[in-house]
Amino acid sequence: MNLPDAEALCQELARRLRSGVTDSTGLVGIRTGGAWLAERLHRELKLATPMGALDISFYRDDFDAAGLHHEVKPSQIPFDVNGRHIVVVDDVLYTGRTVRAAMNELFDYGRPGKIELAALVDRGERQLPIAAQYVGATLSVPAGKLLRLARDERGRFSLRLSDAKPAA
Amino acid sequence: MRNPQLNGDGTLQHLLTIEGLPREVLVHILDTAASFIGVTEREVKKVPLLRGKSVFNLFFEASTRTRTTFEIAAKRLSADVINLNIGVSSSTKGETLLDTVDNLSAMYADMFVVRHSSSGAAHLIANHVASHVHVINAGDGRHAHPTQGLLDIYTIRHYKKEFTRLSVAIVGDVLHSRVARSLIHALTTLGTPDVRVIGPKTLLPTGVEQLGVSVHHDMREGLAGCDVVVMLRLQSERMKGPLLPSAHEFFKSYGLTPQKLALAKPDAIVMHPGPMNRGVEIDSSVADGPHSVILPQVTFGIAVRMAVMSILAGR
């Protein structure tokens, strides 16, 4: 199937986000793809608050079945989340389970004032009542396919579709 | 020979000894531990990974630091923790080790953390329990203390970044030390080129060279130019017969003083698994001095034990 240009989607997402964020907004990317994306958006939008990154491995709901992800990286939230407007950033929004885990982790840092969600691609098929406020594009992807963001050595984004069973 | 602590796919089922564990398994544990360090600095110092699981701390031998850090680690993973000091209950009434384990398994244990004075006790339990139950060796006799070895290499990596250019000296009562054995296996697996053991002949196991270490009886010669000094506790309670003239004599030859430490590299770190005998194996001015990382070792131990428990439980 034809995949949209991730760079163009990223520009579109930045354009939509611009009106929704302020200097005190905390951008939090979900590792790995979402953190790359948050890094780029943070730069484009010239946000004053440093960006954060979450590794949700310790909050996954499939830990009993799938175990610990092999390359867990530390989560970093370099600002006080209490009362803050936070935009969680992920590359692909699918079942919503990853976002659920990310929100649970955020609440262990404090009580955010408001959490919104930005995703480069929304592929639908939610299993939880979660919706994104900022989306680059919506895309229908066959079940059983894994859609994710890739980044080359020059930092350019592209979308990749593979047969691997999608991690929820 | 099959490694009883590894599953068919190479993942950890139990942690019994560092000996024979591949480098990737050690690095995975250290990397995971690094992620848990951040958790302990947050407002809520817990993650939900082991929610609903029961961890039994089975200590047949006295321990404060190890038992407490295992308890904290399990609680930060949201597990339920049950502490048992078996020395003062069932075994004194004549119950066998495996009967004790069977009874606790009937109480829905998911994980046993075992400390025992007999080498091989944790292996015995691991071979006995159901396949969904995991066993962590928290020290068995003179044999192994793998989580201590792991927190030692975590500490070394934290301060020295990599192992491939390091000189590490392990000093004192190597003969009775399960800590030394676990650390030596970990260091050699990670490619440390220069591991030295220093001590009197009576406190070094025969054939210790076969573990890939160099042997020194002279402290000054052994400490020269090393990056890491690991002092071991003089385990008088494990000594049978006259291995030593006196604690005072031992301190004169093998106690770590500022003068002896000056022979190591200027940025050398000093480690000790605890509990310390001040004035026996280590001088107070070194234990509390700028080279000492003895208390950070304890803190890192929590994250390392969280990493081991979460890797074992997540199958």
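In this text, all values refer to a predicted model and were calculated from it rather than measured experimentally.

**So, the environment of Arg51(B)**
Residues and elements named next belong to chain B. Structurally, arginine 51 is set in the loop between α1 (23–39) and β1 (54–59). Residue classification places arginine 51 among the partly exposed positions, given that 13 C-beta atoms sit within 10 Å. Separated by 199 residues in the primary sequence, arginine 51 and phenylalanine 250 have C-alpha atoms spaced 48 Å apart.

**Regarding the domain arrangement of chain B**
All names here are of chain B. What the domain assignment reports for chain B is domain 1 (23–144 + 298–313) and domain 2 (146–292). In this complex, domain 1 contributes 20 residues to the contact, which on the side of domain 2 involves 17 residues. Elements with a contribution of two residues or more to the side of domain 1 that touches domain 2: α1, β4 (134–140) and α11 (294–313). Among the residues forming the side of domain 1 that touches domain 2, the class breakdown is 10 nonpolar, five polar and five charged.

**Observations regarding the interface of chain A and chain B**
Contacts between chain A and chain B engage 15 residues on the former and 17 residues on the latter. Looking at the side of chain A that touches chain B, its residues break down into seven nonpolar, four polar and four charged.

**Side note on the sheet that holds strand β5 (residues 134–138) of chain A**
Residue and element names in this part refer to chain A. If you walk across this open sheet you meet the five strands as β2-β1-β3-β4-β5, and the pairing is parallel. In the strand order of this sheet, the two ends are held by β2 (52–54) and β5, each with one partner. Here the average twist between neighbouring strands, direction ignored, is 25°. Contacts from helix α1 (residues 6–18) reach β4 (114–122) and β5, with the element oriented near 145° to β5.

**So, the sheet that holds strand β8 (residues 228–231) of chain B**
All names here are of chain B. Across the sheet, five strands lie side by side as β7-β6-β5-β8-β9; this open sheet has parallel pairing. Looking at which strands have only one partner, the edges of the open sheet turn out to be β7 (214–216) and β9 (269–271). Strand-to-strand twist across the sheet, computed as the mean angle between neighbouring axes with direction ignored, equals 20°. In terms of strand pairing, strand β5 (residues 167–171) meets β8 through four bridges, oriented parallel. When the bridges of β8 are listed, alanine 169 appears paired with valine 229.

Parameters at a glance
Residues numbered from 1 in each chain as written. Chains lettered and ligands numbered in written order. Predicted model: local features only at pLDDT ≥ 70, side-chain atom pairs only at ≥ 80, totals over all residues. Helix = DSSP H or I, 4+ residues; strand = E, 2+ residues; numbered from the N terminus. Buried ≥ 20, exposed ≤ 12 C-beta atoms within 10 Å, placed from the backbone. Domains from an automatic or database assignment. Contact = placed C-beta atoms within 7 Å. Nonpolar A, V, L, I, M, F, W, Y, C, P; charged D, E, K, R; others polar. Pairing = 2+ DSSP bridges. Axes fitted to C-alpha atoms, helices over the stretch in contact; angles between N-to-C directions.

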